[in-house]
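Structural features, examined
So you can see what is in the structure, the chains are spelled out below.
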Amino acid sequence: MPVVPVVVAAVLVGLLAAPPLRGRIARFAVPEGEPWCEACPSCGRALRLLPPTGRCPGCRERLGAGPWTVEAVAAAVAVAVAYAADRLVVVTLALGWAAALGVALGFVDARVRRLPYGLTVPLLGGVAALLLVAAQAERDPGALLRCLLVALAVGGVLELAVWLGALGPGDSPLGLALGGLLGWFGWSVALGGLFAAMVLAGLWGTLRAAAALARRRPVRGLDLPVGPFLLLGALTAVLAR
């Protein structure tokens, strides 16, 4: 298959997905305890779609993520999904679904340190349904069982961290979804995704600490968002499989 047309098509898909993703980001990127942002606080316009500028089409109020950031990330992730496409279309659809909602989750978690159920539950439900269809198509109940076991293992570890107060409640359904998706490709891919997530989080924390020391500022709690690193780790593992 020619590479250039596939890349161009993937970029276009990412750009087309960006406006509704911006709407989801603007809605859910609010601090803990505050109601979801259903409409522009200045003019009351619904936040279903937002342009690349990140401004409300009605009053030009800046909302959600910065200009062209969501578009750039969505296009890059779409290209990565095209590269990682599985021979089963339904599995590729599961990757695409996780990637799309993962972009929104990554931006929300990076901004307000939370993974809202309004994004993680649809992600989990969509991945579970698509993997069930894939297992039926392949007539491979063993693959479905592996997905379930990996999902429970990853989700269980993250839920334990939630009980201990180290993570927020939204990390568990994200872990279930990513664990199940990685489980389709095997235990080694799932372990690779977790390892990549830990390495990426460690590198980012080290860079932030080094930057603070270079500016001669005290290194306090780094308060790293876990969601983006789980998502990047999963994508890295799928690409490297």
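Refer to the structure presented above.
For the structure given in this document, a descriptive report is provided here. (Residues numbered from 1 in each chain as written. Predicted model: local features only at pLDDT ≥ 70, side-chain atom pairs only at ≥ 80, totals over all residues. Heavy atoms only, no water.)

With that settled, the discussion passes to the overall build of the chain. Along the chain, the regular secondary structure elements total 8 helices and 0 strands. Its helices and strands taken in sequence order, the chain reads α-α-α-α-α-α-α-α from the N to the C terminus. Over its C-alpha atoms the chain spans a radius of gyration of 18 Å, differing by no more than 12% from the 18 Å that the globule rule assigns to 241 residues. A principal-axis box enclosing the C-alpha atoms of the chain has dimensions of 55 × 40 × 35 Å. Relative to its 241 residues, the chain shows a buried fraction of 44%. As displayed, the chain has an accessible area near 12,600 Å², and 69% of this comes from carbon and sulfur atoms. (Helix = DSSP H or I, 4+ residues; strand = E, 2+ residues; numbered from the N terminus. Rg over C-alpha atoms; globule rule 2.2 N^0.38 Å. Buried < 20%, exposed > 50% of the residue type's maximum accessible area, 1.4 Å probe, protein only. Areas by Shrake-Rupley, 256 points an atom, 1.4 Å probe, with all protein chains shown as cover.)

Two elements in contact, helix α5 (residues 141–163) and helix α6 (residues 171–184), have axes whose closest approach is 7 Å; the angle formed by their N-to-C orientations is 150°. Viewed along their axes, α5 and α6 adopt a mutual orientation that is roughly antiparallel. Once α5 is placed against α6, the crossing between them reads as right-handed. Here A143, R146, C147, V150, A151, L152, V154, G155, L158, E159 and V162 of α5 come into contact with α6, specifically with D171, S172, G175, L176, G179, G180, G183 and W184. Among the residues making up the contact of α5 with α6, the classes are represented as 10 nonpolar, 6 polar and 3 charged. (Axes fitted to C-alpha atoms, helices over the stretch in contact; angles between N-to-C directions. Parallel < 35°, antiparallel > 145°, perpendicular 65-115°, else oblique. Left-handed = near helix turned anticlockwise from the far one by under 90°. Contact = heavy atoms within 4.5 Å. Nonpolar A, V, L, I, M, F, W, Y, C, P; charged D, E, K, R; others polar.)

Right, let's talk about the state of the cysteines for a bit. A full pass over the atoms with the stated rule returns 0 disulfides. For the unlinked cysteine C59, the closest cysteine sulfur is that of C40, found at 3.5 Å. Overall, the relative accessible area of 31% leaves C59 in the partly exposed class. (Disulfide = S-S within 2.5 Å.)

The next thing to look at is empty space enclosed by the protein. For the structure on display, the rule yields 1 cavity of 30 Å³ or more. By volume, the largest cavity is sized at about 80 Å³. Around the largest cavity sit V150, V154, G175, L178, G179, L182, A190, G193, L194, A197, L230 and A234, which together line it. Secondary-structure elements contributing two or more residues to the lining of the largest cavity are α5, α6, α7 (187–214) and α8 (226–240). (1 Å grid on protein atoms, 1.4 Å probe; cavity = no way out; pocket = protein on both sides within 12 Å on 5 of 7 lines; lining within 4 Å. Points joined across faces, edges and corners; volume = space filled by probe spheres on them.)

We now examine the layout of surface pockets. By volume, the largest pocket amounts to about 600 Å³. Around the largest pocket, the lining comprises 26 residues; the ones closest to its centre are V77, G102, P228, L231 and L232. Those elements that place two or more of their residues in the lining of the largest pocket are α2 (69–83), α3 (89–112), α6, α7 and α8. Looking at the lining of the largest pocket, the element that brings in the most residues is α3, giving 8 residues. Within the lining of the largest pocket, the residues separate by chemical class into 22 nonpolar, 2 polar and 2 charged.

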